[in-house]
Amino acid sequence: MNHQNLLSITGNLVQPPMNSGLVLLSARELDKMRRVGKLAANLLKHLESMVQPGVSTQALNDEAAHWMQAHGATSATLGYAPPGHPPFTGSICTSINEVVCHGIPNPKQILKDGDIINIDVPLRLAGYHGDTSRTFLVGSVSATARKLVEATRESMMRGIAEIKPGARIGDIGAAIQAYAEASGFSVVRDMVGHGIGRQMHTELQIPHYGKRGSGLKLRPGMVFTVEPMLNEGTYELTFLADGWTVITKDKKLSAQFEHTVAVTEDGVEILTLS
């Protein structure tokens with residue numbers, strides 16, 4: 001889930017001071033992040049078989065809530081209420097087709113053949129947070145939808161491959177943007193990855209576009225999300241009246257993938273693998 005410092009909530013990309021709010025996690029804390037990250041990934045894997053035509057997003061939400069409770073975890077989204085916004089009513093986010101992110105589960109919202117849906121599962125376990133998402137194909141989808149989803153995942157992995165001590169935040173975004181645009185898609189500007197640990201969102205911000213060699217230098221112990229959103233058409237967004245749901249301005253498709261990662265002494269570790 002990507003919103004902090006009024007970033008994706010307002011749609012304004014605000015860059016903090018270069019070292020402001022930087023959190024480096026200890027080896028002990030990283031062990032806790034591995035545990036919660038794996039749990040989040042396993043929840044996504046558990047929900048995969050439910051992603052079928054005829055299933056409501058509320059059913060996905062309710063199963064996720066039950067699964068979290070059974071595994072000793074809690075939702076990091078349920079009841080979340082930044083200033084000026086109503087409490088989020090879902091245990092997960094379910095974003096279908098033109099919904100870029102923060103889709104609210106609804107019993108009347110039924111998956112249809114040909115849809116794509118991003119399921120975002122931010123959760124909390126023993127005081128630490130895991131955050132991961134994936135865009136699923138519902139039944140038989142169009143060639144464009146399949147290409148968009150595949151390009152989004154690949155762009156995320158290319159961004160993650162840039163992560164190592166001494167690299168810059170801009171290197172991540174540059175790799176994502178280059179692959180996305182070469183694939184014929186646009187990269188959302190107004191939503192970013194974020195630092196994560198004891199808090200769901202820390203001040204560190206990871207844009208998914210940018211210039212190589214720019215931004216904060218990466219250091220071991222940094223933990224953050226890489227979660228690009230690629231759009232079929234324009235990268236411009238519209239925020240709906242519910243205070244949460246973000247859609248593409250041109251109503252064309254959007255896809256997202258997300259991993260939580262840690263900068264290690266010699267590279268990067270993906271913490272949200274099942």
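Preceding this section is the structure that the text describes.
Going along each chain's sequence as written, the residues are numbered from 1 onward. Totals for whole chains, interfaces and linings use all residues, but because this is a predicted model, local features are given only for residues with pLDDT of at least 70 and pairs of side-chain atoms are given and counted only at 80 or more. Heavy atoms throughout the structure, all of them, feed into the side-chain values; hydrogens and water do not.

Colleague: Teacher, can you tell me more about unusual backbone geometry here?
Modeller: Across residues other than glycine, the phi torsion is negative in most instances, and most of the peptide bonds are trans. For H102, which is not glycine, the phi torsion reads 65 degrees and is therefore positive. The way it works is that DSSP assigns letters per residue, a run of H or I at least four long becomes a helix, a run of E at least two long becomes a strand, and they are numbered from the N terminus. By the secondary structure assignment, H102 is in the loop between β3 (99–101) and β4 (116–120). We note that A126 has phi near 50 degrees; this positive angle belongs to a residue other than glycine. Among the secondary structure elements, A126 is positioned in the loop between β5 (123–125) and β6 (128–130).

Colleague: How do you make sense of the sheet that holds strand β12 (residues 229–231) when you look at a structure like this?
Modeller: Where strands meet in a sheet, backbone hydrogen bonds hold them as pairs that are either parallel or antiparallel. In space, the three strands of this open sheet follow the order β8-β12-β15, with antiparallel pairing throughout. The sheet is open, and its two borders are formed by β8 (186–187) and β15 (254–256), each paired with just one other strand. The criterion for strand pairing is that DSSP finds at least two bridges linking the strands in question.

Colleague: Before we go on, may I ask you to explain helix α2 (residues 27–48) in this structure?
Modeller: An α-helical turn contains 3.6 residues, so a residue and the one three or four places further along point in the same direction. Helix span is expected to be 1.5 Å times the residue number reduced by one. Compared with the 32 Å implied by 1.5 Å per residue over 22 residues, the 32 Å span of α2 between its first and last C-alpha is a close match. Classification of residues uses two cut-offs on accessible area relative to the type maximum, computed with a 1.4 Å probe and protein chains only: under 20% is buried, over 50% is exposed, and between them is partly exposed. Inspection of α2 places E29, L30, M33, V36, G37, L39, A40, A41, L43, L44 and L47 among the buried residues, and these make up the whole buried set.

Colleague: Would you explain the packing of α2 against helix α3 (residues 57–70) in this entry?
Modeller: The angle between the axes and the distance between the axes are what describe a pair of packed helices. A fitted line through C-alpha atoms represents every axis, and for helices the fit uses only the stretch in contact; the resulting angles, taken between N-to-C directions, go from 0 to 180 degrees. Packing of α2 against α3 leaves a shortest axis separation of 10 Å and a crossing angle of 140 degrees. The pairing of α2 with α3 is recorded here as oblique in orientation. You can see that α2 and α3 cross each other, and the crossing is right-handed. Contact residues: L39, N42, L43, H46 and L47 in α2; L60, E63, A64, W67 and M68 in α3. By definition in this entry, angles of less than 35 degrees are roughly parallel, angles greater than 145 are roughly antiparallel, angles of 65 to 115 are roughly perpendicular, and the rest are oblique. Left-handed describes a crossing in which the near helix is turned anticlockwise from the far one by less than a right angle; the clockwise case is right-handed. Only heavy atoms enter the contact rule, under which two residues are in contact if any of them lie within 4.5 Å.

Colleague: Quick question: what am I supposed to make of the nonpolar core here?
Modeller: Grouped burial of nonpolar side chains is what soluble globular proteins tend to show. Ranked by internal contacts, the top residues of the largest apolar core, which has 37 residues, are I117 and I119. If you list the elements that add at least two residues to this core, you get α2, α3, β2 (93–96), β4 and β5. Ranked by residues supplied to this core, first place goes to α2 with eight residues. Apart from residues lying up to four places away in sequence, I117 is in contact with V51, T57, L60, T94, S95, I96, L111, R134, T135, F136 and V138. What makes a nonpolar core is a set of buried Ala, Val, Leu, Ile, Met, Phe, Trp, Tyr and Cys residues whose side-chain atoms join them at distances within 4.5 Å. Ranked by size, the runner-up nonpolar core spans 29 residues in total, among them I116, I176, A180 and L216.

Colleague: Mind showing me how you'd approach the sheet that holds strand β13 (residues 237–239) here?
Modeller: The three strands are arranged β3-β14-β13 in an open sheet whose pairing can be described as antiparallel. Each edge of the open sheet carries a strand with a single partner, namely β3 and β13. Each neighbouring strand pair of the sheet contributes to a mean axis angle of 40 degrees, computed without reference to strand direction. When β13 meets strand β14 (residues 246–248), the two strands line up antiparallel, connected through three bridges. The residue bridging L237 from the neighbouring strand is T248, located in β14.

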